[in-house]
Amino acid sequence: MRYLQLRRTIYSLTGKWPKSLAIDQTKEIEKHWMPKLFDEHEKYQLERDNDKKQKMYVLPMFPYPSGRLHMGHVRVYTLSDTLARYYRLRGYRVIHCIGWDAFGLPAENAAFERSEEPDQWTRKNIAYMKEQIKQLGCSFDWKRELSTCDPNYYKWTQYIFLMLYHEGLVYQKKAAVNWDPVDQTVLADEQIDEVGRSWRSGAIVEKKYLKQWFIRTRAFTQLFLLVFVYLFYEIMNINTLYLLLLMINFVYNDTHKTYYSTKTPYKSPSSTLALPLPPIGFELVCTQIIARHGCRALEGRKYDKLTMALWTQAKNEQALTKFGQKFGEDLQYFIAINDKLGRGHLSRLGKIEHKNLAHRLTERMSLLLRKVLSTNSSTRIRLVSSGKSRTISSLNAFVKGLPLTITNLIDYEPANRTLLAFYEDIKYQTYLKNDKQLKNKIRSIHMQSYSKQMARNTLERLYQKSFIDKLTNRSYFIIDNESGKSIKNELDAVRMLHNLYLIGPNLREEGVGSLLEKYFNLHESAWFAYLQDAKEYYEKGPGFSDRTIIYNLTQILLDDFFLHSEQCSQINSKHFLRVRFTHAETIIPFAALLKIPMLSDKSTPINQTYTYENNNWRGELVSPMTANIQWEIYRHYNNDTNHYFRNQQILIRMLFNEYPVSFKYECKPYDMINQFFYTIDELKRCYRVSLYDSLDTLDKDDWQTLINIQRMWMGECNGVNILFKLSIPTTEFDFIETFTIKPEALLTVTHLYIQSTHKLARPDLIEETESGAKRLRIDAIHPLTERLLPIFINNNADFGPKIRANRTMLNVQIGTPISNKFDESFANKHNISTVIDSSTHWHRMDLETLLAELRSRELGGYRTSGKLNDWCISRQRYWGTPIPIIHCNHCGVVPVPMNELPVQLPSIENIKSASKTGISPLAKAHDWVKTRCPKCGNLHAKRETDTMDTFVDSSWYFLRYLDNENTTKPFDSKIVNKLMPVDLYIGGLEHALTHLFVARFIQHFMYSKGLCTSIEPFKRFIPIGMVQGKTYKTSNGQYVSKDNIITIEKNTVMHSLTKEPLQIDWEKMSKSKYNGIDPQEIIDQYGVDFARLLMLTSVHPRSLRNFNLEDGIVEGLQNWLKILIKLYVELIESQTKSNIKSSITNEEFKQIEIALRDQRLNTIYTVAFYIDSFFSVASAIIELQKLTRYLRKVPIDVKQQSNEYLISLCDVLVMIGPVIPCLSSELWTILQKQIKSNIDGYDLSKSLFEQNYPTLPDDYPGKINALFDTTIFASMPISRSLLPSLSISDVLQYLNENDQQFQMKRFIEQNGLKLARLRKLSDYCATLIYERDPNVTIIEQPSEPINDKKKSKTSKKKNIS
Ligand SMILES: [Zn+2]
């Protein structure tokens, strides 16, 4: 070692390599290379605007400048830097930025405690940490750096706040806030843990009443949650929005959720739904539509007849319950109504539906109609039905909805069964009756034990148990000879009944809409609706992935649509409207053929089963009554000549149930702006493509945890919030707020309850009534009728489930005696007037109008979950973004004019004494507070003295990076739209919960304002696991520092003084636990490259990292680096040694080269696989270690002569370069100096990071894998050209044909797995991803550590040593 120190030098400068690499040489290498690498980053930054390269926005969460980097930072930044370098080498234009989340408490505390200016304190920390990050070799684009405490940044945070304010999304209210008594500040709900402690100080949080600023996050939650669920589909654009509106309208918006599957009455979009305009130059020239008939009476006499027969049987046996007797009456009445209407005939509601459909359709066509009527054209309307009575009635009702002026233009086509009743096709009918797999699938779904349980629940209300037992034991056989249907068991019985129940709402206008509602509870009706949906889905819908029969049949209808589109788009077209009236049997397969994204596009492999969890297909959504699909045909004006024109000038837009929807994924819209418009040529092209290639390539791995948490946290959006003003406001409250899942009860509220813990339940406000109830002396005012409502203190009312320790979901509840038993008896007992004046105009309004009225009165009315609150952003702190509001005595709250931003923080000198009083420190800055009212000029107006929660600052920083020097607005949409969304977002999961929620909120807002085209800000998210350190604890939980322990054996330690045995644990690093490791020490001791390697090795990014420097980890990595270095140093040495006499034959030489090539390509493949799939640099490192060990064993004479060997040496450095950039660059110079020949794919005159990433030759096979967690348990090669078109069933088949079939099946069984989805990685890999099947008990726990990847090997190893 001594002489090494004498000869301190490095190869790239001297051409000489030291015998061994000591730390001072390492340091010298890093000192030499670091500035060079930075120069190269500069070069990449010049590429900012190179649009030719695909962009890749890699973003680590920005740090709080606390003073020094900790291990968590190092873990995030080394990973993000490695990935950034990896993608740069792969040819991407990488955006990789960093900045500072610089407002916050520590700076303020430092300021007040040590008289340091927070600004200076922060800047000092930033400067230090910036040096540390640079020292880590991170390749950030420093020109994009930003800091949230910089007025050039917070000016725009204030600007966004004002945008929200002007949109009504910011408001101020006096509210009970969570008060941290230690930090003297307000906390958000999300910043309090389950037991009610502050996330920061750990103190028990108190309630305090302050006037606070809120952001109305709840306004977006409904969409928010849904979009999140659909995030994986990666079509985050306007398409999603309309589709979600459609879904919300049909499925989610029911205040009183009921389930009627395909018998759901039609729900038209609200009249306010604005459709996007066509591209400039295009106008509507015709519309065509296919519509299902409307609501109808029971078809035939089977369900009712059989149900009646069963009931009569029970009656004769005296087996009816009391409820069952009533049922008989209801049933008779229900049958009578159906008879009166005529079986299968349209009900009154059905007629209204079609009349209104025609009305809205002609509204949308009004311009065209005017043109048709004003010119003497001979263009007309064509109507056609399937010929069945209900489609004919629908047609007639439709005609009644058309303006009288155009009814003379109608041509009635003869009924067309071939087109509109193609399901009568004999082949299809045979399939329905005889296909075993179909029958088995539906039976297995129906016969689940849960079905039987639900059936019993339902029947037990009607019949005595003994009777149902007999039914279950098949003692009865009731058959309807006409239809062949029969009741053999309890399931049959309930299915008949359910079919009657479904028709109920169809007969609303006949007065029996809810007659049968009481015979099913919500769970039962939901379950039987699912059974109904499953049958429809398999028989008519997307069904099995590998069946084509439905699609084949439906093709005729699609052809008809295309044909008519072409005809009616011509100048001399004979028709401008064509309407087809049909049945669910046609609508469902047609929707399946069209593969409307997220709606009707997902079929199910045979080995899986359609459920509500794994599929969006819903009968009520795809084919409710009057379901309809419309194609609007648009033509370019310029082509108003008599010549035929190119089809490119014809655009088509599809409306599904009157909402614009996309055509299937493979179809490219007209352009990015007009997403719903497609040229007819493009549609013809993409619908000719194979129907089975729509793949489940969606990646939800990254998001799953977060989605689950956010879902739980936001809760289900199943209700509405309502605010009640108080008749006499108190100092603490102007109004009280509650949440109800039954907003339809709004008008029948007669009183309110509050809990005794509610702050209003003060002794001085409470009085006792004569009946002994406790009530407030203050009343609540009904938000609409303004009736005075008494407020009672009663803890027995239903305040919802507990959500946190000692806290129920609500502390205020409404009393509605009309619909609630508890409220009814309470009202009776305490003489509350239950008389509701239902003659007021309120009672004539529908619920949506009432809610809109609440919103306009600012008294709630937002659909939301009971769990989520609006976001309180007021903080009584100094070091934050000032809220840009002025309070004026005359004008009230006045926003600061945009052109006066930023409102700058005043100097701290004036306000030091204000620390920790609970009042905003800014209130003491009198000169600053006093200002002129921008509205009336009043000179005694006052500035808002609260500052914003720092989560507001970080809610949009990823947008600002992209345009951080903009001085006229927060960012330029054009620039941002090119680079958003963030492709990889990297950060800790703890922080991510709140942060991602608000960042997503702001992005949704920007999207809703048209400032961003991506609705979601982040595409993939890599949650980084915590870094933990080893702790030693005494039996009473005291932490002991390392200096005070004695190690006895490997895992046995004791206290050096007390000799007490100590407990060893892994915990989050913390000073108080003596388990922190300062990254600086590691860098000082081992160098930067080694610190990076150490940080990235061992575990996947998302796993917890138990960090220590013991257990041989350091030595292991050092040994590997030695091997790596030696491979290159050998090249220098071989120059000086004469050629060794060859000991192997030419044939052997060739064999070794082939094996070497296999090994090398396999490594390239596997490294890319691990990084692209899991971002697992750790697994990539293991693969590279394997390759280097392999290379070491290559015989020396092969090393000296093989070109293949030299390529391997180049590959290794390019692949490991992103992890250890300095050492790799240094070793690269050896290749540059020593290799005299040309190496394929490399330019040795250029530096390492200017090389291209190694690629696989075209004939190198791709792979099909089966994966669970991170273990590949089956794998086989496949030609890469086949990969893009493979479907899940193809992949399954390939794997089954493989010799690994047995092993694969065993693994699946042993681990209790089910197939989740298929993921394709560019063009080299298709992976079937398996998940634990929760329904299967695992026989044996698998233990697959990360470095045991033996099963992933497919290329055969040849022993060459
Ligand atoms: Zn004023």
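Because the structure is a prediction, the values reported are computed rather than measured.

Participant: Would you mind showing me how to read the UniProt feature "domain: Aminoacyl-tRNA synthetase class Ia" (unreviewed entry) in the chain here?
Facilitator: The sites that UniProt annotates as "domain: Aminoacyl-tRNA synthetase class Ia" (unreviewed entry) are residues 37–222, 868–1046 and 1064–1100. Within residues 1064–1100, the helical portion is 46% and the strand portion 14%, while the C-alpha atoms at the span's ends are 24 Å from each other.

Participant: Hey, could you run me through the pairing of strand β13 (residues 650–656) in this one?
Facilitator: Of all 7 residues in β13, 7 are buried, a share of seventy percent or more. The sheet contact formed by strand β12 (residues 628–636) and β13 spans 7 bridges and is antiparallel. By the bridge assignment, Y634 is partnered in β13 with L651. The pairing of β13 with strand β15 (residues 678–679) spans 2 bridges and is antiparallel. Looking at β15, one finds that L651 is bridged to T679. Here β13 pairs with strand β14 (residues 659–661) via 3 bridges, running antiparallel. When the sheet's bridge partners are listed, F656 is paired in β14 with Y659. Two successive antiparallel strands, β13 and β14, enclose a turn made up of 2 residues, where N657 displays a positive phi of approximately 45 degrees.

Participant: Sorry if this is basic, but what is going on with the side chain of S600 here?
Facilitator: With respect to the element layout, S600 can be found in the loop between α24 (584–594) and α25 (619–622). Its relative accessible area of 2% is what places S600 among the buried residues. Engagement of the side chain of S600 in a polar contact is seen with the backbone oxygen of A591, the distance being 2.7 Å. With residues up to four places along the chain from it excluded, the contact list for S600 reads P542, A591, A592, K595 and W617.

Participant: Is there a simple way to explain the environment of K322 in this structure?
Facilitator: By secondary structure assignment, the location of K322 is in helix α11 (residues 322–341). For K322, a relative accessible area of 75% puts it in the exposed group. Each C-alpha atom, one on K322 and one on Q464, is 9.9 Å from the other, the two residues being 142 residues apart in sequence.

Participant: In this structure, what is going on with the state of the cysteines? I would like to understand it.
Facilitator: Any covalent bond linking the sulfur atoms of two cysteines counts as a disulfide. In total, this model carries 1 disulfide according to the counting rule given. Sulfur-sulfur distance for the disulfide between C286 and C568 comes to 1.7 Å. A residue pair is termed long-range when its members are at least 10 positions apart, and C286 in strand β6 (residues 282–292) and C568 in helix α23 (residues 549–568) qualify at 282 residues. Residue classification places C286 among the buried positions, given a relative accessible area of 0%.

Participant: When you look at the nonpolar core in this model, what are you seeing that I'm missing?
Facilitator: A general tendency of soluble globular proteins is for nonpolar side chains to be buried together. Among the nonpolar cores identified, the biggest contains 190 residues, and Y57, L83, Y957, F958, Y1128 and L1231 are the most heavily contacted of them. Per-element accounting of this core gives the leading share, 13 residues, to helix α38 (residues 1146–1174). With residues near it in sequence (within four places) discarded, Y1128 still touches L1209, V1212, L1213, L1227, I1230 and L1231. Grouped together as the second largest cluster of nonpolar side chains are 132 residues, L298, I381, A421 and L462 included.

Participant: Hey, could you run me through the side chain of R360 in this one?
Facilitator: Along the chain, R360 falls in helix α12 (residues 348–364). Here the side chain of R360 touches S268 through a polar contact of 3.5 Å, side chain to side chain. Beyond its immediate stretch of four places on either side in the chain, R360 contacts Y266, S268 and E658.

Participant: Where do I start with the coordination of the zinc ion in this structure?
Facilitator: In ideal tetrahedral geometry, four donors around a metal make angles of 109.5 degrees, whereas ideal octahedral geometry with six donors gives angles of 90 or 180 degrees. Every protein donor of the zinc ion is accounted for by C888 (SG), C891 (SG), C933 (SG) and C936 (SG), and the metal-donor separations fall at 2.2 to 2.3 Å. The coordination sphere of the zinc ion comprises 4 donor atoms, whose angles at the metal cover 106 to 114 degrees; the geometry is tetrahedral. Each donor residue of the zinc ion belongs to the same chain, and together they define the spacing C-x2-C-x41-C-x2-C. Note that C888 is positioned in strand β30 (residues 885–888) and C933 in the loop between β32 (930–931) and β33 (941–943), a separation of 45 residues in sequence. We classify C933 as buried; its relative accessible area is 0%.

Participant: Before we go on, may I ask you to explain the sheet that holds strand β35 (residues 982–988) in this structure?
Facilitator: To summarise the sheet geometry, strands pair through backbone hydrogen bonds and adopt either a parallel or an antiparallel arrangement. Strand order across the open sheet formed by 4 strands is β2-β1-β35-β36, with parallel pairing between neighbours. With one partner strand each, in any of the chains shown, β2 (93–96) and β36 (1018–1024) form the two edges of the open sheet. Each strand of the sheet is rotated relative to its neighbour by a mean of 20 degrees, with strand direction disregarded.

Participant: Is there a simple way to think about the pattern of salt bridges in this case?
Facilitator: Two side chains that carry opposite charge are able to pair once their charged atoms sit near each other. In total, this model carries 48 salt bridges according to the counting rule given. Salt-bridge contacts for R382 lead to E413; the nearest nitrogen and oxygen are separated by 2.8 Å. Of this pair, R382 sits in strand β7 (residues 380–385) while E413 sits in the loop between β8 (410–412) and α16 (417–420), and the two are 31 residues apart along the sequence. The buried category is assigned to R382, whose relative accessible area is 19%. Each of R382, E413, D560, R578 and R580 takes part in salt bridges that share partners, so that together they form one network.

Participant: What exactly am I supposed to notice about the environment of L420 here?
Facilitator: Among the structural elements, L420 can be located in helix α16. Residues L420 and R580, 160 residues apart in the sequence, show an inter-C-alpha distance of 7.7 Å. When sequence neighbours within four positions are dropped, the list of residues in contact with L420 reads I290, V384, S385, S386, L557, R580, F581, T582, H583 and T586.

Participant: I tried to follow unusual backbone geometry on my own but got confused; where do I start?
Facilitator: Peptide bonds are mostly trans, and most non-glycine residues show a negative phi. In this structure, P902 follows L901 across a cis peptide bond, with omega equal to 0 degrees. Mapped onto the secondary structure, P902 falls in the loop between β31 (892–895) and α30 (926–929). Along the chain, M980 connects to P981 via a cis peptide bond; the corresponding omega equals -5 degrees. Locating P981 in the fold gives a position in the loop between α33 (973–979) and β35. Non-glycine residue S261 carries a positive phi angle of around 50 degrees.

Participant: What am I meant to see in the sheet that holds strand β45 (residues 1325–1332) here?
Facilitator: Read from one edge to the other, the open sheet built from 4 strands follows the order β43-β42-β45-β44, with strand pairing classed as mixed. Each end of this open sheet is capped by a strand with a single partner; those strands are β43 (1271–1278) and β44 (1313–1321). The mean angle between the axes of side-by-side strands here comes to 20 degrees, regardless of whether they run parallel or antiparallel. Bridging between strand β42 (residues 1262–1268) and β45 involves 6 bridges; their strand directions are parallel.

Each value, and the rule that gives it
Residues numbered from 1 in each chain as written. Predicted model: local features only at pLDDT ≥ 70, side-chain atom pairs only at ≥ 80, totals over all residues. Heavy atoms only, no water. UniProt positions renumbered as here; feature names shortened; annotations may be inferred. Helix = DSSP H or I, 4+ residues; strand = E, 2+ residues; numbered from the N terminus. Buried < 20%, exposed > 50% of the residue type's maximum accessible area, 1.4 Å probe, protein only. Pairing = 2+ DSSP bridges. Polar contact = N/O pair within 3.5 Å; in protein donor to acceptor, adjacent residues only side chain to side chain. Contact = heavy atoms within 4.5 Å. Disulfide = S-S within 2.5 Å. Core = buried A, V, L, I, M, F, W, Y, C linked by side-chain atoms within 4.5 Å. Donors = N, O, S within 2.8 Å, 3.2 Å for Na, K, Ca; no water. Tetrahedral: all angles 85-135°; square planar, octahedral: opposite > 155°, others 65-115°. Axes fitted to C-alpha atoms, helices over the stretch in contact; angles between N-to-C directions. Salt bridge = Lys/Arg side-chain N within 4 Å of Asp/Glu carboxyl O.

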